[in-house]
Amino acid sequence: MTATDPHSGLAVEVRDLRKSYGEVEAVRGVSLEVTRGEVFCLLGPNGAGKTTIVEILEGYRTRTGGEAQVLGLDPAENRRELRERVGIVLQQCGVQSDLTVAELVEMYGRYHARSRPVDEVIELVELVEKRDVRAKKLSGGQRRRLDLALALVGDPDLIFLDEPTTGFDPAARRQAWSTIQSLCDLGKTVFLTTHYMDEAQHLASRVAVMNAGQIIATGRPDELGGRDLRPAEIRFGLPAGFSLADLPEVPAQERSAEDGRVLVLTTEPVPAAQRITTWALERGVELERFSVSQPTLEDIYLELTGSGDHGHEAPEAAR
Ligand code: ATP
């Protein structure tokens, strides 16, 4: 196994990782690599094994088999050393809620040999206006951002974010995304788990989809499961007085009409859309709710996992 030392290109390297809880085989031979400076995202339905993998990499759980290296170190043997270089945001974090945001960030900073300036960290997580507010007075989303600040103050090279925006409103999610992107600008590596496909689409340079303890697909969000090669979907309302047969010939894999809505599946969406719209303009007819779309990451994910994941609903489609 290549050492994931500070000079190599890998922040995390896992080979044939296995974890059993008694009879339950939660992780069944997982291999993955995370390159330094990337946002890597682990996706999968409830119970797929994501948290188990993350916690093995954080040194909180022991593995049953396989190899794991985090920043060149085996997390099972180097937990103390890794604590200095790895930032962790757990799904549930308990802090002393009588202290203010600034006091907590400063206190956590003192636990580390190397720390970032308190106000810089508070600015990074966009909590400047809450700097002197006690933790117990923060909203749920602000608390999660404080958790992130506490993970960042030790200036880690690698940050684990386990479902960082669960329970956030849409504005808070966008804010969290911009913070996570700022981490990449600082050269940090981010290992993310999420149930939100739009989050993975927006943030991840690479995603891995897990199901029942195994990785079933990996790739860039745009390419996962051959997404970039799938036909586009052109949809519109069939104008009154016309039938499917009246529409112009277009390069298409499939054309169908149901309940007055036309669906054209095509790998050449530009000429197909152009012919259809020209046809409509020449006749002065309207194509109601005309749209061209590629399959979303969510479409591909549901196809891959056969799913499945009813635990959390994605708040908006990841187009
Ligand atoms: P979620 O999306 O719900 O957080 P996950 O993908 O993180 O799920 P894990 O929490 O890693 O999944 O769980 C994987 C499997 O291992 C599940 O079947 C779970 O019930 C089981 N499991 C997890 N932790 C334990 C434990 N401490 N003891 C026994 N079984 C466990």
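This text goes with the structure placed above it.
1. Here's the deal with the site of the ligand
Residues in contact with the ligand amount to 14 residues; listed here are only the nearest, Gly47, Gly49, Lys50, Thr51 and Thr52. Between the ligand and Gly47, the relevant distance is 2.8 Å, taken from an oxygen atom to a main-chain nitrogen or oxygen of the residue. The separation between an oxygen atom of the ligand and a polar side-chain atom of Thr52 is 2.5 Å. Broken down by element, the shell around the ligand gets its largest block of residues, 3 residues, from helix 1 (residues 50–58).

2. Considerations on the packing of aromatic side chains
Using the criterion set out here, one finds 5 aromatic pairs in the structure. A ring pair is formed by Phe160 and Phe191, whose centres lie 5.3 Å apart and whose planes are at 50 degrees; its orientation type is tilted. With a gap of 31 residues between them, Phe160 in strand 6 (residues 158–162) and Phe191 in strand 7 (residues 189–193) connect regions that are remote in the sequence. For the pair formed by Phe160 and Phe191, the shared burial category is buried. Put simply, the rings of Phe40, Phe160 and Phe191 touch in pairs and so form one group of aromatic residues. Between the NZ or CZ atom of Arg173 and the centre of the ring of Tyr196, over which it lies, the distance is 4.3 Å.

3. Let's talk about the sheet that holds strand 8 (residues 206–211)
Read from one edge to the other, the open sheet built from 6 strands follows the order 5-6-7-3-8-9, with strand pairing classed as mixed. In this open sheet, the two strands that pair with only one neighbour each are strand 5 (86–89) and strand 9 (214–219). Here the average twist between neighbouring strands, direction ignored, is 15 degrees. Of the pairings in the sheet, the one linking strand 5 to strand 6 comprises 4 bridges and is parallel in character. Within the sheet, the bridge partner assigned to Ile88 lies in strand 6 and is Phe160. Docked against the sheet, helix 5 (residues 140–152) engages strand 5 and strand 6, running at close to 165 degrees with respect to strand 5. Contacts from helix 9 (residues 297–305) reach strand 3 (39–43), strand 8 and strand 9 within the one sheet, and its direction differs from that of strand 8 by about 30 degrees.

4. Brief notes about the packing of helix 3 (residues 101–110) against helix 5
The N-to-C vectors of helix 3 and helix 5 enclose an angle of 30 degrees; their axes lie 8 Å apart at closest approach. Classified by the interaxial angle, the pair formed by helix 3 and helix 5 is roughly parallel. Remark: the crossing between helix 3 and helix 5 carries right-handed chirality. Judged by residue contacts, Val101, Leu104, Val105 and Tyr108 of helix 3 engage Leu146, Ala149 and Leu150 from helix 5. Across the contact of helix 3 with helix 5, the residue classes break down as 7 nonpolar, no polar and no charged.

The rules behind these values
- Residues numbered from 1 in each chain as written.
- Predicted model: local features only at pLDDT ≥ 70, side-chain atom pairs only at ≥ 80, totals over all residues.
- Heavy atoms only, no water.
- Near = heavy atom within 4 Å.
- Polar contact = N/O pair within 3.5 Å; in protein donor to acceptor, adjacent residues only side chain to side chain.
- Helix = DSSP H or I, 4+ residues; strand = E, 2+ residues; numbered from the N terminus.
- Phe/Tyr/Trp six-rings, centres within 6.5 Å; stacked < 30°, edge-to-face > 60°.
- Buried < 20%, exposed > 50% of the residue type's maximum accessible area, 1.4 Å probe, protein only.
- Lys NZ or Arg CZ within 6 Å of the ring centre and 35° of its normal.
- Pairing = 2+ DSSP bridges.
- Axes fitted to C-alpha atoms, helices over the stretch in contact; angles between N-to-C directions.
- Contact = heavy atoms within 4.5 Å.
- Parallel < 35°, antiparallel > 145°, perpendicular 65-115°, else oblique.
- Left-handed = near helix turned anticlockwise from the far one by under 90°.
- Nonpolar A, V, L, I, M, F, W, Y, C, P; charged D, E, K, R; others polar.

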